[in-house]
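# Coordinate inspection notes
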Amino acid sequence: MTGDTEDHHAPLNVPRLRSLLSGSDLARTVIYQPETASTNDDASAVARDAGPEGILFVTDFQTQGRGTRGRSWKSPRNRSLLLSAILRPRRTLKPAELTQVSALGLCHGLRESTGLDVKIKWPNDAMVRDRKIGGVLVEVLPGQPAAAVIGIGANLNVAADEIDVADARVTSVLDETGLPCDRESVIAVVVGALERGYRSVEGGRSLSAEWAARSAVIGRRVALRSETASYAGTASGFGGDGELILDCDDGVKRRFNAGRLEILQRLPG
Ligand code: BTN
């Protein structure tokens, strides 16, 4: 799983990354910057200016990386996967479908490239052993409902205690495998997995079965905080649009399209 170089804190080898991504329709053009504010901001600016699908934005360091719900996304330089892609699907995809495509792309790509048992904590988080290893940020472009920017971040060659996060339990490929990984390969495999899911959804296929199969929360006790209330219960399934179905402790079955989910029933360890 290790790369050509022994220096796993080196910048991305961009010619090698381009070569691994050759043949990828989502990465016909790879725009690499050693440092940027946020690849999602870069991709949005290009997309707002009629930028086409097929441009992948990759960096080694973000100064204003953004996560979901207005949080920041931080990672030390040269250690992680930080990318954004412009999507212009042939049919307009719902935000929930875009989230499924992105989160499943990250989940499948990390599984394939690292061998880790990666699951999804609804709706955005890639998890290993209930610790967050990555996440996705989907942004539909204002005034262009058929276009979206998807941003993906994952902790690769960084120890969890070097990651500056306030709350969540986090992990990384390095912590889980004990070995640094080849960042160029992981990026290429994640983009490949993303593209496969995207093309099948664009063609009308549902990702519901995969969404349930890769879930880290089904059958487990969770707490869901929505904008207006908090509920505890058991996550029992997903609706057709990927919404979470919660069998709440008050006996009511509720469906959620958004919210912050906490797993109450911890895995051992
Ligand atoms: C989350 O789990 O909160 C989503 C994290 C998404 C982070 C990625 S890193 C690349 C892209 N650029 C950003 O500013 N955010 C996304």
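Everything in this summary refers to the structure shown in the same document.

How each quantity is defined
Residues numbered from 1 in each chain as written. Predicted model: local features only at pLDDT ≥ 70, side-chain atom pairs only at ≥ 80, totals over all residues. Heavy atoms only, no water. Helix = DSSP H or I, 4+ residues; strand = E, 2+ residues; numbered from the N terminus. Rg over C-alpha atoms; globule rule 2.2 N^0.38 Å. Buried < 20%, exposed > 50% of the residue type's maximum accessible area, 1.4 Å probe, protein only. Areas by Shrake-Rupley, 256 points an atom, 1.4 Å probe, with all protein chains shown as cover. Lys, Arg positive; Asp, Glu negative; His and termini not counted. Charge placed at Lys NZ, Arg CZ, Asp CG, Glu CD. Pairing = 2+ DSSP bridges. Axes fitted to C-alpha atoms, helices over the stretch in contact; angles between N-to-C directions. Contact = heavy atoms within 4.5 Å. Core = buried A, V, L, I, M, F, W, Y, C linked by side-chain atoms within 4.5 Å. Expected span 1.5 Å × (residues − 1). Polar contact = N/O pair within 3.5 Å; in protein donor to acceptor, adjacent residues only side chain to side chain. Salt bridge = Lys/Arg side-chain N within 4 Å of Asp/Glu carboxyl O.

### Remarks on the overall build of the protein
Scanning the protein for helices and strands turns up six helices and 12 strands. The C-alpha radius of gyration computed for the protein amounts to 18 Å, which stays within 12% of the reference 18 Å derived for 269 residues, consistent with globular compactness. Taking the principal axes of its C-alpha atoms as reference, the protein extends roughly 55 × 45 × 30 Å. Counting only residues that meet the buried cut, the protein has 53% of its 269 residues in that class. Accessible surface computed for the protein: about 11700 Å², of which carbon and sulfur atoms make up 51%. With 34 positive and 34 negative side-chain charges, the protein shows a spacing of 4 Å between the two charge centroids.

### Observations regarding the sheet that holds strand S4 (residues 119-121)
Strands sit in the order S1-S2-S3-S7-S6-S5-S4 across an open sheet of seven strands; the sheet is mixed. Single-partner strands in this sheet number two, and they are strand S1 (29-33) and S4. Averaged over all neighbouring strand pairs, the angle between strand axes comes to 25°, with direction disregarded. Pairing of S1 with strand S2 (residues 55-59) involves five bridges; the strand directions are parallel. Directly across from Thr-29, in S2, lies its bridge partner Ile-55. Contacts from helix H3 (residues 95-114) reach strand S3 (81-87), S4, strand S5 (125-128), strand S6 (131-141) and strand S7 (144-154), with the element oriented near 145° to S6. Sitting on the sheet, helix H5 (residues 183-202) is in contact with S2, S3 and S7, with an inclination near 30° to S3.

### Points about the nonpolar core
Counting 58 residues, the largest nonpolar core has Leu-81 and Val-217 as the members making the most contacts within it. Here the element with the most residues in this core is H5; it accounts for eight residues. Apart from the residues within four sequence positions on either side, Leu-81 is in contact with Ile-152, Gly-153, Ala-154, Leu-156, Val-186, Ile-187 and Val-190.

### Comments concerning H5
Across its 20 residues, H5 extends 28 Å between first and last C-alpha, which sits within 8% of the 28 Å expected from 1.5 Å per residue. The backbone nitrogen of Glu-184 lies 3.2 Å from a side-chain oxygen of the residue at the head of H5, namely Asp-182. Positive backbone phi, at 100°, marks Gly-204, one or two positions downstream of H5.

### Notes on the pattern of salt bridges
Using the criterion set out here, one finds 26 salt bridges in the structure. A salt bridge links Arg-221 to Asp-249, with the nearest nitrogen and oxygen atoms 3.1 Å apart. In this pair, Arg-221 sits in strand S8 (residues 221-225) while Asp-249 sits in the loop between strand S10 (244-248) and strand S11 (253-256), placing the two residues 28 residues apart along the sequence. For Arg-221, a relative accessible area of 34% corresponds to the partly exposed category. Here Arg-225 and Glu-262 are joined by a salt bridge, their closest N and O atoms 3.0 Å apart.

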